[in-house]
Amino acid sequence: VQYLETEEYYYLFFEKISGINLLEFMINHKEPLSWDQNIFIFRQLIVIVEEIHKKNIAHQDLKAENIIIDPQ
């Protein structure tokens, strides 16, 4: 991870990862996700956000388009 610090902001730069974003996955999924699938995804998101918050990092733009997943 590379970063840049200015007087007002910190910028973090990550390498691009492969996969599709969560919005594309939901749109392209042939049938609605089951309750269990939704809960599985939501729990993973909670764990991830909790971990970055422990490191005093805030995402600032958390939305389905910014969440990359492995659809397998």
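By convention here, each chain's residues receive numbers from 1 onward along its written sequence. Totals for whole chains, interfaces and linings use every residue, but because this is a predicted model, local features are given only for residues with pLDDT of at least 70 and side-chain atom pairs only at 80 or more, for both listing and counting. Neither water nor hydrogens contribute to the side-chain values; these are computed over all heavy atoms in the structure.

Enquirer: Teacher, can you tell me more about the overall build of the protein here?
Expert: Going along the chain from the N terminus, every DSSP run of H or I of four or more residues is numbered as a helix, and every run of E of two or more is numbered as a strand. Within the protein, the regular secondary structure consists of 2 helices and 4 strands. Going from N to C terminus, the protein has its helices and strands arranged as β-β-β-α-α-β. For the protein, whose C-alpha radius of gyration is 15 Å, the value lies well above the compact-globule estimate of 11 Å for 72 residues. Dimensions of the protein, computed from the C-alpha atoms along their principal axes, are close to 50 × 20 × 20 Å. Burial classes follow relative accessibility: with a 1.4 Å probe on protein chains only, a residue under 20% of its type's maximum area counts as buried, one over 50% as exposed, and anything between as partly exposed. Here the protein, with 72 residues, has 11% of them falling under the buried criterion. Should any heavy atoms of two residues lie within 4.5 Å, those residues are counted as being in contact. Taking the contacts inside the protein whose residues are at least 6 apart along the sequence as the reference set, 49% of them involve residues at least 24 apart. The globule rule is 2.2 Å times the number of residues to the power 0.38, and the radius of gyration it is compared with is taken over C-alpha atoms.

Enquirer: Looking at this structure, how should I read a nonpolar patch on the surface?
Expert: Patch construction takes residues with relative accessible area above 30% that form no salt bridge. Like charges are linked within 9 Å, and nonpolar side chains (Val, Leu, Ile, Met, Phe, Trp, Tyr) are linked within 5 Å. Note that accessible areas follow from Shrake-Rupley with a 1.4 Å probe, and for residues the cover is restricted to the protein chains shown. Between Lys or Arg on one side and Asp or Glu on the other, a salt bridge is scored when a side-chain nitrogen of the former is within 4 Å of a carboxyl oxygen of the latter. A contiguous nonpolar surface patch, about 570 Å² in accessible area, is contributed by Val1, Tyr3, Leu12, Phe14 and Ile57. With respect to the helices and strands, Phe14 occurs in the loop between strand E2 (10-13) and strand E3 (20-21).

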